[in-house]
Amino acid sequence: MASELRLVSAQWSILLDLFISAFERRAVPTGDACLASSAPHSTALRHVIFLMEAGYVTRLPDPEDARRTLVGLTPKGLDFVGGCLEAEFEALRAALAGRID
């Protein structure tokens, strides 16, 4: 699954933040997603645009504030992040097999 997309750390941070936000049913303004990346705002915004063009993130106008846009994961993005986390969990479980109860 991870070989499908080559991510830099800032992109993965954005995806993880949006993944958590999706499960919390929390809207994420674009600026907040950029903060999650720990990159300068203009660089982070380029990462968000890259993830949008790859089909993992969507941006929509904020219905409560016309000056803002909200970002979230697409179904493809949810599947991707969930699959990556599941693969990491299974790898950790295998590495720790027999060492913990």
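Preceding this section is the structure that the text describes.
A few points on the structure. Treat the numbers as computed from the prediction; the structure is a model and nothing was measured. (Residues numbered from 1 in each chain as written. Predicted model: local features only at pLDDT ≥ 70, side-chain atom pairs only at ≥ 80, totals over all residues. Heavy atoms only, no water.)

**Re helix H4 (residues 75-95)**
Then step 1. In a regular helix each residue adds 1.5 Å, so 21 residues correspond to 30 Å; H4 covers 30 Å between its end C-alpha atoms and thus fits that length.
Then step 2. Buried residues of H4: Gly77, Phe80, Val81, Gly83 and Cys84, and no others. When H4 is viewed along its axis, its buried side chains cluster within an angular range of 160° and face the same direction. In H4, the exposed positions angled more than 90 degrees off the buried face are occupied by Pro75, Asp79, Glu86 and Ala94. (Helix = DSSP H or I, 4+ residues; strand = E, 2+ residues; numbered from the N terminus. Expected span 1.5 Å × (residues − 1). Buried < 20%, exposed > 50% of the residue type's maximum accessible area, 1.4 Å probe, protein only. Arc of directions from axis to C-beta.)

**A closer look at helix H1 (residues 9-24)**
Then step 1. For H1, spanning 16 residues, the distance from its first C-alpha to its last is 23 Å, which sits close to the expected 22 Å at 1.5 Å a residue.
Then step 2. Listing the buried residues of H1 in full gives Ala10, Gln11, Ile14, Leu15, Leu18, Phe19 and Ser21.
Then step 3. In this structure, the buried residues of H1 make contact with strand E1 (28-29), helix H2 (30-36), helix H3 (41-53), strand E2 (57-62), strand E3 (65-73) and H4.
Then step 4. Positioned one or two residues after H1, Arg25 has a phi angle of 55°, which is positive. (Contact = heavy atoms within 4.5 Å.)

**Focus on the nonpolar core**
Then step 1. Core analysis: the largest hydrophobic core is formed by 17 residues, its most contacted members being Leu15, Leu18, Val57, Val71 and Leu73.
Then step 2. Counting residues per element, the ones that place at least two in this core are H1, H2, H3, E3 and H4.
Then step 3. The dominant element in this core, judged by the number of residues it contributes, is H1, at four residues.
Then step 4. If near-sequence neighbours (up to four positions away) are discounted, Leu18 is found in contact with Val28, Ala33, Val57, Val71, Gly72 and Leu73. (Core = buried A, V, L, I, M, F, W, Y, C linked by side-chain atoms within 4.5 Å.)

**With respect to the sheet that holds E3**
Then step 1. Strands sit in the order E1-E3-E2 across an open sheet of three strands; the sheet is antiparallel. Only two strands of the sheet have a single partner each, and these edge strands are E1 and E2.
Then step 2. Where E1 lies against E3, two bridges are found, and the strand directions are antiparallel. Bridge pairing in E3 links Pro29 to Leu70.
Then step 3. Seen against the sheet, H3 touches E2 and E3 and runs at an angle of roughly 110° to E2. (Pairing = 2+ DSSP bridges. Axes fitted to C-alpha atoms, helices over the stretch in contact; angles between N-to-C directions.)

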